[in-house]
Amino acid sequence: MSVDLYASILRPVAFRLDPEKAHNLAMSLIQKGLIPGRSTPLEKDPVDLFGVHFPNRIGLAAGLDKNAVALDQWHKFGFGYVEIGTITWHAQPGNDKPRMFRLPSDKALINRMGFNNHGAIAVAERLSNSASRIPVGINLGKSKITPLEEAHDDYKKSYEVLQSFGDYFVVNVSSPNTPGLRSLQDADSLRRIFQTLREVNDKRPLFVKVAPDLEDEAINDVLKVAVEANLTGIIATNTTISRDMLPGLAAPTSRHISNSLLGGGLSGTNGINRNITANQQGGLSGAPLLQRSNEVLARLKSNAPDNLILIGVGGIFTAEDYKSKRENGADLVQLYTGWIYGGPALVPKLLN
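First things first, this report covers the structure right here in the doc. (Residues numbered from 1 in each chain as written. Predicted model: local features only at pLDDT ≥ 70, side-chain atom pairs only at ≥ 80, totals over all residues. Heavy atoms only, no water.)

### Let's talk about the pairing of strand S7 (residues 136-140)
Then, in step 1: Burial analysis of S7 places five of its five residues in the buried class, which makes it a mostly covered element.
Then, in step 2: Side chains of S7 alternate between two faces, with Val 136, Ile 138 and Leu 140 and Gly 137 and Asn 139 buried alike.
Then, in step 3: The sheet contact formed by strand S4 (residues 81-87) and S7 spans four bridges and is parallel. Bridge assignment links Ile 84 to a residue of S7, and that residue is Ile 138.
Then, in step 4: Note that S7 and strand S8 (residues 168-172) share four bridges and pair parallel. Pairing of Gly 137 across the sheet is with Tyr 168, part of S8.
Then, in step 5: You can see the chain leave S7, run along helix H4 (residues 151-162) and come back into S8, and the turn it takes is right-handed. (Buried < 20%, exposed > 50% of the residue type's maximum accessible area, 1.4 Å probe, protein only. Helix = DSSP H or I, 4+ residues; strand = E, 2+ residues; numbered from the N terminus. Pairing = 2+ DSSP bridges. Right-handed = clockwise from strand over helix to strand, strands pointing away.)

Spelled out as structure tokens, the structure:
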């Protein structure tokens, strides 16, 4: 399926559906193998990092296949690796719906999913019956019901049951959709989490995923902890709570809100609807995030030791975007929103 075919026919149809319903439908089709693709992994600019062979440098970011339901299918679309999750120790439904919103005119999404997932034990069982053709990363989060002071133990429990299934693991402390989670990006909290995980298994590659909203001093603190804890690398960045990168945005008035439907299927093409959707609470991803995520990536690269692996994510839609991540220091990159807008043929297009 070409990018042009997807953009001209399939995406307009999918975008008429509520975003979460469209996502669930797409995941069902992918899981069942009903979307055609490659039979073998796409070897293009392959690389070996931290003892893992990546057929190419483009991966699927966490958030699309939260529960590893389509793990054996992602190589068909050209991905060089896949990151599942975010997975928490306790199964949880996530936040109330609607919780995903499109901004088509901005090539962006807003989500406040809240780590909805089946829980670490259920995902571990599914992973035991999977045979991915490409490397698998596992993204771990804190359960909503777990107090912040017990976060290290919550991550530990998930890690204990999943440790044998991942080629690398990510501690997600940067989602804006779990109350208080981002406070775990402070140095002392991070040290405690990684010390606890190392006690379980000190051989597995560990990453931390950071927010684009961190100040420079906080970015330096995360980098310092990553070096002290001998982490494999850092993923930059998660979604942003800022709306500064959206042009012409004003806060919605009560009149606009009362006269509009706040469902997740808003097209975003109408000025008022776009304005209301853009002000929805949650994390913004997509094209508007490219510049800020690249700035964080570049800052990390300029201060990080040479052996620290950096994974760049945020705003990749074109080959030029992919190139910008690499030029700013990314050893690997990941797609999320770009793939939703670009479709199944996007990865080969970026690599070619």
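### With respect to helix H3 (residues 120-128)
Then, in step 1: Among all positions in H3, only Ala 120, Val 123, Ala 124 and Leu 127 are buried. For H3, the buried positions fall inside an angular range of 105 degrees around the axis, keeping them on one side. H3 presents Ile 121 and Glu 125 as exposed residues on the side facing more than 90 degrees away from its buried surface.
Then, in step 2: Against the buried residues of H3 lie S4, S7 and H4. (Arc of directions from axis to C-beta. Contact = heavy atoms within 4.5 Å.)

### A word on the environment of Ser 183
Then, in step 1: You can see Ser 183 is positioned in the loop between S8 and helix H5 (187-200).
Then, in step 2: As for Ser 183 and Pro 147, which are separated by 36 residues in sequence, their C-alpha atoms are 12 Å apart.
Then, in step 3: The contacts of Ser 183, once residues within four sequence positions are left out, are Leu 148 and Ser 189.
Then, in step 4: From its side chain, Ser 183 meets the backbone oxygen of Gly 180 in a polar contact 2.5 Å long. (Polar contact = N/O pair within 3.5 Å; in protein donor to acceptor, adjacent residues only side chain to side chain.)

Remember that the coordinates give geometry; whether it matters functionally is a separate question.
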